[in-house]
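# Structural description and commentary
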Amino acid sequence: MDCNQVLRIACFITSHGFGHATRSIAVLNKLAQKENVKLSIFSTLPDWFFKENFTGIPFAYHHVETDIGLVQKSPFVHDLNLTINRLTNFLTFKKEKIDPIIQIFEKELFDFIFCDISPLGLQVGNKLKIPTCLLENFTWDWIYESYLSENRNFKEPIKRLKKIFERTDLHIQTNPICQPQNHLNQINPIFRPCQQSKDQTSRQLGINLNKPIILITTGGITQKFSFLEKIKKDEKHFYLIIGDYQQIEKRGHYILLPQKNDFHFPDLIQLSDGVVGKVGYGTVSEVWGARKPLIGIFRDGFRESTPMRKFVKKNIPGFEISHSSFQQGEWIQKIEQLINEPKNSAKTIENGTEKASLIISKWSKKIL
């Protein structure tokens, strides 16, 4: 491949939370340091999220449903019946859904397709004979297997998805890996780097650093919280609360932040002395990368929680609480315990971003 050649990549990214998108963006930003890239994003995640996270990379955005995942009622509760209904319909890959995507491909002439657990991108690649790259810590067939005892209607979609996920040209697994396959490329957790110092972030927020700062997050699916009254009484700590809010509101010793705000999430983690939140890939990898302690809330009945819990217990200081304990704010009295947890003693934290981008860069040179 000529060093001046533009590498045209179609990126299919699941909208199951923000964690998959954050790791894809981290890898693609790093790849852009090695190659001249032009991206087209296919996702139902908001376009502002990609605009805020890509560092000067040209990209087009296409609002396309790339998978079903689990239909969420809230950050912690999913609807299996609605999931299977939508999944069954999605996997028919109807002509009216696929044809507009193919028209884009006919115009853009992509070099390869990059997928973060999206079966649609792999299906399109197989149909058009375009090389595909899959990045995952789990695949949807593996997730759905755990629901077969509750709903046998998952059986056929699982078979279909398994075939789709097996037909990829480059397969990268990123820790915490749910179903490790030793013959595949396996890398460390992927996280985004910080963009500025703690002092810069605190000045922008209009707060000082004379109190321990606690960050609260439920990932890409936000909600309002019922524990604010208890937080109001805890004047020993300062809280940054990301939730279902319309604007930034500073109230005494806490700040309410909408999901879309002016702050880079890794900068907020770096600023904090501890994090309280739903355990998902993005939060875990970025808390791990920043060496911060975590009070984790795991999703009941979600198969990823088992390997994720194992990784968190081994690598991240802190402890687990139940969903009800989180909602009721019982953890607030344990904040001192959190910030006094023994720190991760590892000398270095190796971001999987560099290895992933290197693997993709070398592979792209072979296929072009």
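About the criteria used
- Residues numbered from 1 in each chain as written.
- Predicted model: local features only at pLDDT ≥ 70, side-chain atom pairs only at ≥ 80, totals over all residues.
- Heavy atoms only, no water.
- Helix = DSSP H or I, 4+ residues; strand = E, 2+ residues; numbered from the N terminus.
- Rg over C-alpha atoms; globule rule 2.2 N^0.38 Å.
- Contact = heavy atoms within 4.5 Å.
- Areas by Shrake-Rupley, 256 points an atom, 1.4 Å probe, with all protein chains shown as cover.
- Lys, Arg positive; Asp, Glu negative; His and termini not counted.
- Charge placed at Lys NZ, Arg CZ, Asp CG, Glu CD.
- Axes fitted to C-alpha atoms, helices over the stretch in contact; angles between N-to-C directions.
- Left-handed = near helix turned anticlockwise from the far one by under 90°.
- Nonpolar A, V, L, I, M, F, W, Y, C, P; charged D, E, K, R; others polar.
- Parallel < 35°, antiparallel > 145°, perpendicular 65-115°, else oblique.
- 1 Å grid on protein atoms, 1.4 Å probe; cavity = no way out; pocket = protein on both sides within 12 Å on 5 of 7 lines; lining within 4 Å.
- Points joined across faces, edges and corners; volume = space filled by probe spheres on them.
- Pairing = 2+ DSSP bridges.

### Focus: the overall build of the chain
The secondary structure content of the chain amounts to 15 helices and 16 strands. For the chain, the C-alpha radius of gyration of 21 Å lies close to 21 Å, the compact-globule estimate for 368 residues. Taken over the C-alpha atoms alone, the chain extends approximately 60 × 50 × 40 Å along its principal axes. When contacts within the chain are restricted to residue pairs at least 6 apart in sequence, those whose partners lie at least 24 apart make up 67%. Per element, the accessible surface of the chain, about 16,400 Å² overall, is 47% carbon and sulfur. Across the chain, the mean location of the 49 positive side-chain charges is 2 Å away from that of the 38 negative side-chain charges.

### Some details on the packing of helix H4 (residues 95-108) against helix H5 (residues 119-128)
The packing of two helices is summarised by the inter-axis angle and the distance between the axes. Interaxial distance between H4 and H5 falls to 11 Å at its minimum, and their mutual angle equals 65°. Here H4 runs over H5; the crossing is right-handed. For the pair formed by H4 and H5, the contact residues are Ile-98, Ile-101, Ile-102 and Phe-105 on the first element and Leu-120, Val-124, Lys-127 and Leu-128 on the second. In terms of residue class, the contact of H4 with H5 is built from seven nonpolar, no polar and one charged.

### Focus on the packing of helix H11 (residues 281-290) against helix H12 (residues 305-315)
Between H11 and H12, the shortest axis-to-axis distance is 11 Å and the interhelical angle comes to 15°. With respect to each other, H11 and H12 are oriented roughly parallel. Where H11 crosses over H12, the handedness of that crossing is left-handed. Of H12, the residues touching H11 (which contributes Tyr-281, Val-284 and Trp-288) are Met-308, Phe-311, Val-312 and Asn-315. Broken down by class, the residue content of the contact of H11 with H12 amounts to six nonpolar, one polar and no charged.

### Structural notes on empty space enclosed by the protein
Counted under the stated rule, the structure contains one cavity of 30 Å³ or more. By volume, the largest cavity is sized at about 30 Å³. What lines the largest cavity is simply Val-279, Arg-299, Phe-302, Glu-304, Ser-305 and Met-308. Classifying every residue of the lining of the largest cavity gives three nonpolar, one polar and two charged.

### Thoughts on the sheet that holds strand S13 (residues 254-258)
Strand order in the open sheet formed by seven strands is S12-S13-S11-S10-S14-S15-S16, and the pairing between neighbours is mixed. In this open sheet, the two edge strands, each paired with only one partner strand, are strand S12 (249-251) and strand S16 (318-321). Sheet twist, expressed as the average angle between the axes of neighbouring strands with direction ignored, equals 15°. The pairing of strand S10 (residues 213-217) with strand S11 (residues 238-243) spans four bridges and is parallel. Each bridged residue has a counterpart across the sheet, and for Ile-214 the counterpart in S11 is Tyr-239.

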